[in-house]
Amino acid sequence: RALEPPEESIRQEAYEVFGCQNRVWIRAELEDGRLRIAADSEAVITRGIIALVLRVLDGRTPAEILDGDLFFLDRTGLGSHLSPARADGLAGMVREIRSRAEEAIGATRSDPRPARSDARGPAR
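Starting afresh in each chain, residues are numbered from 1 along the sequence in its written order. Two thresholds apply to this predicted model, a pLDDT of at least 70 for residue-level local features and 80 or more for giving and counting side-chain atom pairs, whereas whole-chain, interface and lining totals are computed over all residues. Heavy atoms throughout the structure, all of them, feed into the side-chain values; hydrogens and water do not.

Q: Describe the overall build of the protein chain, and please don't skip the residues or the numbers.
A: Helix and strand content of the protein chain: five helices and three strands. In sequence order, the secondary structure elements of the protein chain are arranged as β-β-β-α-α-α-α-α. A simple rule labels every residue: compare its accessible area, found with a 1.4 Å probe on the protein chains alone, to the largest value its type can have, and call it buried under 20%, exposed over 50%, or partly exposed in between. Taking all 124 residues of the protein chain together, 44% fall into the buried category. Only heavy atoms matter for contacts: two residues are in contact if any of them lie within 4.5 Å across the pair. Partitioning the intrachain contacts of the protein chain with sequence separation of at least 6 by distance along the chain shows that 57% fall at a separation of at least 24. A 1.4 Å probe and the Shrake-Rupley method give the accessible areas. Residues count as covered only by the protein chains that appear here. By element, 48% of the accessible surface of the protein chain is carried by carbon and sulfur atoms, the whole surface being about 7,400 Å². Secondary structure counts use DSSP, requiring at least four H or I residues in a row for a helix and at least two E residues in a row for a strand, with both numbered from the N terminus.

Q: Provide a residue-level description of the pairing of strand 2 (residues 24–31), including the pertinent values.
A: The two faces of a sheet get side chains in turn, since along a regular strand they alternate between them. Taken across its eight residues, strand 2 has six buried, putting it largely inside the fold. For two strands to be treated as a pair, DSSP must find no fewer than two bridges joining them. Both strand 1 (residues 16–17) and strand 2 contribute to a ladder of two bridges, which runs antiparallel. Residue pairing in the sheet places Val 17 in a bridge with Val 24 of strand 2. In this structure, strand 2 lies alongside strand 3 (residues 34–41), joined through eight bridges in antiparallel fashion. Within strand 3, the residue paired with Leu 30 across the bridge is Leu 35. Following strand 2, the chain reverses through two residues before pairing antiparallel with strand 3; Asp 32 in that reversal takes a positive phi of roughly 55°.

Now the structure itself:
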C-alpha cells in the first residue's frame, strides 16, 4: 500500500509484464545516467513485492542493475514464502527490469539521446 502510484498512468500494454500471476506494469526511463523505474500491479501482494524490488533497483545505473546480485531475495527468504506462480512473477519482473537496463546501455552506446522505454512493445 505504501508504493506510490506513478505520476502518470503506466497501465498500458507497452509496459505490461507478461507471465505474472497478476497484471504488472513496469516503466523504466534513463535520467541522468540512472534508470528510474515505476511499477504498478492490481494485486496488493504483488505491489509489495514490486516495492521491495524498486527500493533496491530504482535510481541505479543500468550497469549496476546488470552487475548487481539480488541477494536480499534469498537472504530474506522471500522466495521460499512465495507460491511457485508468484516466484515466477518475481523472476519475470527482475528479468524485465534487467532487459530495460540492457536496452538503456545499448541506447547510450548508439544514440546520445536518453533511452525511452515507451518505444518498445510489450515484453514477452
